[in-house]
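Take a look at the letters that make up each chain.
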Amino acid sequence: MNKISLTEKFALIHEQWRPKVVAQLNGQEMKLVKFQGVFPWHHHENEDELFLVWRGQMTIEFRDRRVSLSPGEFCVVPRGAEHRTMAETEAEVLVFEPAATRNTGNIVDEKFTAPNNVAI
């Protein structure tokens, strides 16, 4: 039951596409991640994901449309929906999803798949 500063936690992240756990509740994790560039196409068979932009702008691309997000905006990606995330310049994003969800979902990618349960 401690106060957490998102600004301070994001300052500890020095790599992109590597989510860091900052809180756990009810089987869910709140992760912080910095995005820049384009993430691979993937889906999560059993998990919904919520992306909330803290700083910058990002886009979630689906096969049939794109959703652009600015600070304070969020989008829920339903389980099974093929998607990829992208940001032209670095964006700071909160991700809410079930604990131990692999960031690349149904794929394993040498560059983008991050280890689970890394906390800051």
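Quick note: structure is the one above.
Because the structure is predicted, anything quoted here is derived from the model rather than measured.

**Focus: the layout of surface pockets**
Its boundaries defined by the atoms lining it, the largest pocket holds a volume of some 200 Å³. If you go around the largest pocket, you meet 13 residues; those closest to its centre are Q57, M58, T59, A87 and E88. Of all elements in the fold, only strand 2 (28-38), strand 4 (58-62), strand 5 (66-69) and strand 7 (83-98) reach the threshold of two or more residues within the lining of the largest pocket. Counting residues per element, the lining of the largest pocket draws most heavily on strand 7, at four residues. Here the residues of the lining of the largest pocket are counted per class, giving five nonpolar, six polar and two charged.

**A look at the packing of aromatic side chains**
With the rule as written, the count across this model stands at five aromatic pairs. Their ring planes at 75 degrees and their centres at 5.8 Å tell us that W17 and F112 sit as a pair that is edge-to-face. Residue W17 is found in the loop between helix 1 (6-11) and strand 1 (20-25), and its partner F112 is found in the segment after strand 7; the two are separated by 95 residues along the sequence. One aromatic cluster is present, formed by W17, F35, F39, F51 and F112 through successive ring pairs. Looking at R63, its charged tip hangs above the ring of W41, at a distance of 3.8 Å from the centre. The side chain of R65 reaches across the aromatic face of F62, ending 4.8 Å from its centre.

**Side note on empty space enclosed by the protein**
Evaluated as defined, the whole model comprises two cavities of 30 Å³ or more. Roughly 140 Å³ of internal volume is contained in the largest cavity. Lining the largest cavity are 13 residues, and of these P19, F35, E49, F51 and N103 lie nearest its centre. Residue assignment for the lining of the largest cavity shows that the elements contributing at least two residues are strand 2, strand 3 (49-55) and strand 7. Class assignment for the residues of the lining of the largest cavity results in seven nonpolar, three polar and three charged. Taken as a whole, the second largest cavity holds about 60 Å³ of empty space. As for the second largest cavity, its lining consists of P19, V21, E29, K31, T101, N103, A114, P115, N116, N117 and V118.

**Brief notes about the pairing of strand 1**
Pairing geometry for strand 1 and strand 2, over five bridges, is antiparallel. Across the sheet, the residue bridging to V21 is K31, located in strand 2. Linkage of strand 1 to strand 2, two consecutive antiparallel strands, is achieved through a turn of two residues, within which N26 is found at a positive phi near 50 degrees.

**A word on the nonpolar core**
F35, F51, M58, I60, L69 and V93 are the most contacted members of the largest nonpolar core, which totals 19 residues. Elements with a minimum of two residues in this core: strand 2, strand 3, strand 4, strand 5, strand 6 (74-77) and strand 7. Among the elements that line this core, the one with the most residues is strand 7, at four residues. Each residue touching I60, except ones within four places of it in the same chain, is listed here: F51, R65, R66, V67, L69, C75, V77, H83, R84 and T85. Listed in part, the seven residues of the second largest apolar core include F10, M30, L32 and L94.

Thresholds, definitions, all that
- Residues numbered from 1 in each chain as written.
- Predicted model: local features only at pLDDT ≥ 70, side-chain atom pairs only at ≥ 80, totals over all residues.
- Heavy atoms only, no water.
- 1 Å grid on protein atoms, 1.4 Å probe; cavity = no way out; pocket = protein on both sides within 12 Å on 5 of 7 lines; lining within 4 Å.
- Points joined across faces, edges and corners; volume = space filled by probe spheres on them.
- Helix = DSSP H or I, 4+ residues; strand = E, 2+ residues; numbered from the N terminus.
- Nonpolar A, V, L, I, M, F, W, Y, C, P; charged D, E, K, R; others polar.
- Phe/Tyr/Trp six-rings, centres within 6.5 Å; stacked < 30°, edge-to-face > 60°.
- Lys NZ or Arg CZ within 6 Å of the ring centre and 35° of its normal.
- Pairing = 2+ DSSP bridges.
- Core = buried A, V, L, I, M, F, W, Y, C linked by side-chain atoms within 4.5 Å.
- Buried < 20%, exposed > 50% of the residue type's maximum accessible area, 1.4 Å probe, protein only.
- Contact = heavy atoms within 4.5 Å.

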